[in-house]
Structures are given as structure tokens and as C-alpha cells.
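Below are the chains, spelled out letter by letter.
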Amino acid sequence: MNTVTQGKEKDIREDIAWAQINRDVLASLEQPRGTYWALFTMAFCMFLIGVACEAYQYDRGLGVSAMNNPDVWGLYIATFIFWIGMSHSGTLLSAILHIIHADWRKPIYRFAEAMTTFSLMTAGLFVAVHLGRVWQIYYALPYPNERWTWPNFQSPLLWDAMAIFTYLSSSILFLYVGAIPDFAICRDNATGWRKTFYEKLSLGWMGTDRQWRNFRVAYLVIACFLIPLAVSVHSIVASDFAMSQQPGWHITSFPPYFVAGALYSGCAAIITLFIMLRYTFRFEEYMTMPILDKTARLTFAIAMVWTYLNLIEYSSVWYGSDAVAKETLIQRATGPYAFWWWSMNFLGSVVPFTLIFKKLRANLTVMMIVSLLLNLGMWLERWMIVTPTFSHGYYPWTWDHTFFPSWVQWGIVFGSFGWFGMLFMLFCKLVPSVSMYEVKEMVFHRKLAKIHVREA
Amino acid sequence: MSLEQTINDWSKIRQRHPLPGSHPDLKWAMAIDLDACTGCNACVVACYAENNLPVVGKEKFAAGQAMHWIRIERYWNEGDEASPQQGAQFLPMLCQQCEAAPCETVCPVGATNHTPDGLNSQVYNRCIGSRYCSANCPYKVRYFNWYNYPEQEKVWPEPLPMQLNPDLTVRTKGVMEKCTFCVQRLTDARNAARTEGRPIRDGEVTTACAQACPTSAITFGNLSDPHSAVAQKWRLQRVELEKDRQLKDIDGSHPGLRGYRILEDLRPYPSIMYLERVRDNQA
């Protein structure tokens, strides 16, 4: 459906009417039909499985997760990091690409931002699931009490708590503020309870010049604030490992390595959701193939950065003087986790090479599969960071034990995807998943560009 | 620590940890003679009895979820694997009460700290069970309550609860625990000594494991008291608390020395000195 001029496909057509943009996007907010309910029920069932596993674990104790001494952290921490990593997608697309004026982000950043927010909410679940006494989780908050006890500010886990709270609230703010003009469009086209709902959300937006100017500044300020925040959040999560003493964890390159892995996960997830939304809501006009192409190329670039940092980690350990760290690395490659470790390296470093080929980038099925494989590789990466260190640490008594998670852990990880799915599906029906006003901006710029080309 | 002292000693604080002379009067420490240890496990049993440790059963033990605060590890020389019943070396491993404990800095809620008498404290009611302390412990001597042992796992069917030590709690599920050098006994002794207005005498209080050991392999006492048995042992072996490499390992000039501390190069400054087993050939 994209017109091809001068042999180059454009990100979006320049002759789409404003009313049509409104119509197409608002159509996605209509009353859902059978397929939607079927998918939502499926996500809900997945979530219920997770809830059931957690209920059993809450009642019986964490021992049912098959964790033990020394394997005290399992899939909960690994998946926690995975979800935090996924959350970097929104920041990358919304904030970073906004600042460098990459217009092609405009139709897709809204759902990417939503993905960020929901990923963070899902990650928060894992903090709760992982704790031995989750009913006292508030001890980690700096609240005044009569014993004058404060949390331990030296602990990276506490920095995590602070950073994630800040990141979550900033992301929600960013998502909400960026959607205000769209909520106004929804309000103007809605009736009944939806009208009241969007009225409240759009905060009386009238699209005046002054409002637009204030809006632009606010958006830019939050974007500038969010970028260092995102980098620091995942660096802090990385310092949970880097600041410990354990071999395989105490590596200086972990903070940038984790941030690169997060951007990688996020980009791959954007591709997955892009293809799903484009098909479901028939957004072919807006989520165009050139945009997918650019996202795929960006993913490849980040994949190479991640591969580079990965190789740095391996070489610095290999040529370093820490004998135990080297043993741990060798054990990862040749021990009981070798299959998963090599899979991670294959999925993370070799599979992205499919993104070099233009033909494959234009093939939606291939992109769907590749993006899912890339994310599988990233999930494996987190698991391979957490568990193998426990099976070969400093202390010989702990060696030669192989640790695998129990069905309870798998159930909860599975359930988290259901939870994320539910949240995302709710979002799709309540908030326009394509940013209408930004698409209009994009179309307008294209029109102007075309006029200038014709004049030149 | 006052603000003044912090500012004045800033360079010292950032460079030296632990601070020498931070326990002038009372510093609990141990010396364990691996030559005397026969691997009989009496110390393990005594610890279970003294500290209300749950016997978790075969299945959970095989799953690695045992609660033995002191454990006997067995090591064999290379080549002896064919006949494992001969020549095992036994190593009782318990919380090393590190002066620069890696577990203390990482607890998000501050449930593990250092006491003025040199112990690494675990505050059960503050612990929320994040298990970061165990993840960071190089010795893996921290044990997590994976289940609710008394009520759900029923490890003490009647009338066994009558055997429990009333001087300390039975921990609930979700908290971390570890060897405390029988802090309940130390508190008793400290109180008794304070009432009578005298310092704690050497040998007045000892840990359950030291008490039970048939070969007196474990010596427990106050390292800051130069006349205590444990201080004499440390001095004889030229092992010092605030050093990260002891004379035995620096060069081969003192072949008779047997005293060392485990994983010392990670610099947690443990409070337990092990005396190497006397071998008839070079180790």
C-alpha cells in the first residue's frame, strides 16, 4: 500500500487525511470481538497458572522452587532482569530517538512506551515472588519508624528498589503526558462512559498554541530525564551482580553489558508487538514496512554491541588473573549448562545476522520468529548469569551440583507473560496504540518535503 | 561514629577495613585444629541441639536444603578417590564471622551487621529473605528457612518441642540464619560478668560445637584477651586478624606453621583460624 517514489519506499504516505488517521486508529479502540476475548482469556489463564504456583509457594515456603544452599537465586531474579530489560524499549524509541529527531519512531513509540510500563510492573511482581517474607517488603522503603531503622543504603538491591520506583513513575508520566492530545481526540469522538473517561484523561486539552508549546517542552524535559534514568536503572540492576564478590559476577563491564542487553531485548520485543499490532488492527498504513526495516537494522546494531560486550567479558576473564572466574567461564561452556549457554550465544550473536538481509527483513513471518528467538536468547542470557555461578563459586564444597528450577518457578515465569499480555491487551483497547498527532506530524513533514522537492 | 571522626579519619576508613583495634576488649574467635578433627559430627549434633535447628529429612537434605550451621566437609587427595573411606580430610565449616563480611554490605534492609564484640549478627525479625547475603558469602555458610519447619513440615512431633532451647527462637520460613557463635550463651556470660563487675574469664563460656568436640579440635574464646587459649593459638601460628596474608603463606621460611584462614585473599578477614592437618608428605 506504500507508494514508491524514486525507487525508495517512504516511512509513510504523505496524502493520508487527518480524518482517516483518526478513524483508523480509533477503530482499534472499538468494542472488542471474539478473537480479542479469546486471547485475553488465554492470557488470563496463563496468569492464573502463575498465581496458583505463587499461592502454593507463599503457603509452603520458597523450598518448593527447588532453590537451596548455595543456589539461592533462580529464575525469579533472571526473569526480573529480563523484564526490566524489556522495559528499555520504550525509552530507547520514545526518548532517545525523539531527541535525535528520528521521525520513523512516531507511529510505534506509543506501544513501545506502554511495553516499558507494563514490563516494569511485571518485573515488580518478581521482586515480591522472590522474597522470603514478602509481607514485610516495606522494610526496604525508607519510612520513618520508632526504631530509627533505615534500609541499608550500601546495598545494590536497595538501589534497585529506588531506581525502579523512579523509572516506573517516570515512564507512566511519559506515557501519559505523550498521550494527552490523543486522549483529546478520543474524547471528541466518544460517547457514554468512554467520553467521561477520556475527558478526565485529556485534562481539558484544546490544542491551543500555548498548550502545544507547553506540551512540547514538558515532553522534551521528561525525555531528557528518562534517558539517563534508564541507563542508570539497568546499570544498578547489573551492580547487583557486579558489586558482589562471586566469580562470573564481579565484572566491571556488567553495567554497560546489561544496558546493551536491555536495549536488545526491547528492540526485539518491539518487532514482535509491531507485527502483531499491525496485523490485528490493520495498521499497515502507519506501521509500515520501511519502519520495520529500520527497527530491524537498529536491532542488528544493538545485537552487535551486545556481542562485543559479551566477548569483552569472556576475553577479560580468559586473560585475567582470577583463576576461579576463569574456571567458572569454562564451566559455563563445558559443564551442565553448556547447552543453554551455547544456545544463548547462538541466539544472541548468530541469529541477528538474518537481519542483514533485506529480503528477510521484509518477511513478516521470518521477523516474528527471529524476534522471538532473540528474546529467548536474552532470557537465557539472564539465567546463565545467575545460576552457573552458584554451581561453581569460590568454595569447593559447592561444586559439582547442578541446579535446575522446579515447576513452581517455571509456572510463575509463564504466568508473568500472561500478566504482561493482559495489561497490554487492556492498553490496546483503552489507549490509542498509534500516536495520532505524531503520525499527522509525520505526514505533514512528508507533504512539505514533497513540495520542496517539486519546487527544487 | 561521629561526623568529626569520619571526616578526620576519612582516608583511613576508606583504605583499611577492618579498622585495627576496633575490638579492644572483646573479640570472639575460634581456632580449629584439622589434625585433631576426626569427622565424628558431634559438633554438628550439638549445634542442632543448642540452636533449635530443624532436621529436614532425607529428601530435603538431598535437595540441598539442610540447616546445619556447622557442617563437616570431606576432602580427599587426588588419587584417593578409589578408596574414599580412607584418608578423608575433615573440615568443620561454619560462619567465619568475618570482620569485613561481604554479607553485611549487601542486605537491602540491614538485617546483618557487626556487633561490638566482633560477631556478624543476623537479625531474624528484620530479614525479608532476599538472600543476597547468601549469594555474596564466599563460604556459603548461610542457611535460608525454605519451609515452615515446625508447623507445616512437622519436624518436631510431640514431645520433641520440649527439647528446644528456650534461650533462642525457632525461625520462621523466609528468614536467613547462620552460626552465631552461640550468642545466647555469650549474652548470658556477658550479663553474669557484668553483674559481678568482672571481665569474662577464658573458658567460662564456650560454643556448643567446641563443648561437644571429643578431641578438643575447636578452641573458642576472646581474641582480645592475650592470655586466652584462642589468642595464644593465634599468636603461636603468627596469624593476625587484620592481615590478609599470613606468615605461613608468604614464603616457605616457617615450615612449622600450620595456621591459616580460608579464602583469605578475598579479604573478608574471618575470625576462625584453621590449623592445617599434619601430613607425612608435602601438601
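Asker: What exactly am I supposed to notice about the overall build of chain A here?
Answerer: Tallying secondary structure elements over chain A gives 16 helices and two strands in all. A globule of 456 residues ought to have a C-alpha radius of gyration of about 23 Å, and chain A, at 23 Å, matches this closely. The buried share among the 456 residues of chain A stands at 47%.

Asker: In this structure, what is going on with the overall build of chain B? I would like to understand it.
Answerer: From N to C terminus, chain B includes ten helices and ten strands. Referenced to the eigenvectors of the C-alpha coordinate spread, the extents of chain B come out at roughly 55 × 55 × 40 Å. By the burial criterion, 42% of the 283 residues in chain B qualify as buried. Intrachain contacts of chain B at a sequence separation of at least 6 include 60% that bridge at least 24 residues.

Asker: I would appreciate a short explanation of the packing of helix H9 (residues 254–280) of chain A against helix H10 (residues 289–318) of chain A in the present structure.
Answerer: Angle between the axes and distance between the axes: these two values describe a pair of packed helices. All names here are of chain A. Between H9 and H10, the least distance of the axes is 9 Å, while the angle of their chain directions is 155 degrees. Here H9 lies roughly antiparallel to H10, going by the angle between them. The two elements H9 and H10 meet at a crossing, and its hand is left-handed. Here H9 contributes Pro-256, Tyr-257, Ala-260, Gly-261, Leu-263, Tyr-264, Cys-267, Ala-268, Ile-270, Ile-271 and Phe-274 to the contact with H10, which in turn contributes Leu-292, Thr-295, Ala-296, Leu-298, Thr-299, Ile-302, Ala-303, Val-305, Trp-306, Leu-309 and Glu-313. Each residue belonging to the contact of H9 with H10 can be placed in one class, and the counts come to 18 nonpolar, three polar and one charged.

Asker: Is there a simple way to explain the interface of chain B and chain A in this structure?
Answerer: You'll often see interface size given as the accessible area lost when the parts meet. At the interface, 37 residues of chain B touch 35 residues of chain A. Elements with a contribution of two residues or more to the side of chain B that touches chain A: helix H5 (102–106), helix H6 (132–136) and strand S6 (143–144) of chain B. With four residues, H6(B) is the largest single contributor of residues to the side of chain B that touches chain A. Its residues assigned to classes, the side of chain B that touches chain A comprises 20 nonpolar, eleven polar and six charged.

Asker: Any chance you could explain the packing of H9(A) against helix H14 (residues 364–391) of chain A here in plain terms?
Answerer: Residues and elements named next belong to chain A. It is the contact of H9 with H14, at a shortest axis distance of 9 Å, that shows an interaxial angle of 150 degrees. By the angle between their directions, the pair H9 and H14 is classed as roughly antiparallel. Handedness of the H9/H14 crossing: left-handed. Across the interface between the two elements, Gly-261, Tyr-264, Ser-265, Ala-268, Ala-269, Ile-271, Thr-272 and Ile-275 from H9 touch Leu-364, Met-367, Met-368, Ser-371, Leu-372, Leu-374, Asn-375, Met-378 and Glu-381 from H14. Class assignment of the residues belonging to the contact of H9 with H14 gives a composition of eleven nonpolar, five polar and one charged.

Asker: Can you walk me through the pairing of strand S10 (residues 272–275) of chain B in this structure?
Answerer: Looking along a regular strand, one sees side chains alternate from face to face of the sheet. Residues and elements named next belong to chain B. Every second residue of S10 is oriented toward a common face, with Ile-272 and Tyr-274 on one face and Met-273 and Leu-275 on the other, all of them buried. Across four bridges, strand S1 (residues 28–33) lies against S10 in parallel orientation. Across the sheet, the residue bridging to Asp-33 is Leu-275, located in S10. Relative to S10, strand S9 (residues 259–260) is paired through two bridges, and the arrangement is antiparallel. Its bridge partner lying in S10, Tyr-260 is registered against Tyr-274.

Asker: Can you help me understand helix H8 (residues 209–242) of chain A in this one?
Answerer: In an α-helix, one turn spans 3.6 residues, which is why side chains three or four residues apart end up on the same side. All names here are of chain A. Taking 1.5 Å of rise per residue, 34 residues should cover 50 Å, and H8 covers 49 Å from first to last C-alpha, within 8% of that figure. Among the residues making up H8, those that are buried are Ile-222, Leu-226, Ala-230, Val-233, His-234, Ile-236, Val-237, Ala-238, Ser-239, Asp-240 and Phe-241. In this fold, the buried residues of H8 make contact with helix H3 (75–86), helix H4 (88–99), helix H6 (156–188), H9 and H14.

Asker: How should the nonpolar core be read in this particular structure?
Answerer: As a rule of thumb, soluble globular proteins bury nonpolar side chains together. Counting residues in each nonpolar core, the largest one holds 187 residues, and the members touching the most others are Ile84(A), Ile108(A), Met115(A), Tyr264(A), Cys267(A), Ile270(A) and Ile218(B). Among the elements that make up this core, the one with the highest residue count is H9(A) (16 residues). The contacts of Ile270(A), once residues within four sequence positions are left out, are Ser89(A), Leu93(A), Ile108(A), Ala112(A) and Thr295(A).

Asker: Which parts of the structure should I look at to understand the confidence of the model for chain B?
Answerer: Note: predicted coordinates in regions of low pLDDT should not be interpreted at a detailed level. For chain B, per-residue confidence averages 90 on the pLDDT scale, and 90% of positions sit at 70 or higher. Predicted complex, confidence summary: ipTM 0.90, pTM 0.92.

Asker: Would you explain the sheet that holds S9(B) in this entry?
Answerer: Where strands meet in a sheet, backbone hydrogen bonds hold them as pairs that are either parallel or antiparallel. All names here are of chain B. Across the sheet, which stays open at both edges, the four strands sit in the order S8-S1-S10-S9 with mixed pairing between neighbours. Of all the strands in the sheet, the pair left with one neighbour each is strand S8 (218–222) and S9. Across the face of the sheet, helix H9 (residues 229–236) comes into contact with S1, S8, S9 and S10 while running at roughly 105 degrees to S8.

Asker: Can you walk me through the pairing of S8(B) in this structure?
Answerer: All names here are of chain B. Taken across its five residues, S8 has five buried, putting it largely inside the fold. Pairing geometry for S1 and S8, over five bridges, is antiparallel. Its bridge partner lying in S8, Trp-28 is registered against Asn-222.

Asker: What is the right way to look at the environment of Phe47(A) in this model?
Answerer: By the element assignment, Phe47(A) lies in helix H2 (residues 34–60). C-alpha separation for the pair Phe47(A) and Phe174(A), spaced 127 residues apart in sequence, amounts to 27 Å.

Asker: Explain the environment of Val44(B) here, please?
Answerer: Residues and elements named next belong to chain B. Tracing the sequence through the fold places Val-44 in helix H3 (residues 42–50). A C-alpha to C-alpha distance of 30 Å links Val-44 and Lys-243, two positions 199 residues apart in sequence. Filtering out sequence-adjacent residues up to four positions away, Val-44 remains in contact with His-68, Ile-70, Arg-71 and Ile-72.

Asker: I keep staring at unusual backbone geometry and nothing clicks. Help me out?
Answerer: Trans is the common state for peptide bonds, and a negative phi is the common state for residues other than glycine. Residue Pro70(A) is bonded to the preceding Asn69(A) through a cis peptide linkage, with omega at 5 degrees. The topology assignment puts Pro70(A) in the loop between H2 and H3. Here the bond from Glu158(B) into Pro159(B) is cis, since omega is 0 degrees, no more than 30 degrees from zero. Summarising the element assignment, Pro159(B) is placed in the loop between S6 and strand S7 (176–177). Although it is not a glycine, Ala66(A) adopts a positive phi angle of roughly 70 degrees. Relative to the assigned elements, Ala66(A) resides in the loop between H2 and H3. One non-glycine residue, Cys182(B), lies in the positive phi region at around 50 degrees. Of the residues examined, Cys182(B) has 27 C-beta atoms within 10 Å and is grouped as buried.

Conventions used here
Residues numbered from 1 in each chain as written. Chains lettered and ligands numbered in written order. Predicted model: local features only at pLDDT ≥ 70, side-chain atom pairs only at ≥ 80, totals over all residues. Helix = DSSP H or I, 4+ residues; strand = E, 2+ residues; numbered from the N terminus. Rg over C-alpha atoms; globule rule 2.2 N^0.38 Å. Buried ≥ 20, exposed ≤ 12 C-beta atoms within 10 Å, placed from the backbone. Contact = placed C-beta atoms within 7 Å. Axes fitted to C-alpha atoms, helices over the stretch in contact; angles between N-to-C directions. Parallel < 35°, antiparallel > 145°, perpendicular 65-115°, else oblique. Left-handed = near helix turned anticlockwise from the far one by under 90°. Nonpolar A, V, L, I, M, F, W, Y, C, P; charged D, E, K, R; others polar. Pairing = 2+ DSSP bridges. Expected span 1.5 Å × (residues − 1). Core = buried A, V, L, I, M, F, W, Y, C linked by C-beta atoms within 7 Å. pLDDT = per-residue confidence, 0-100.

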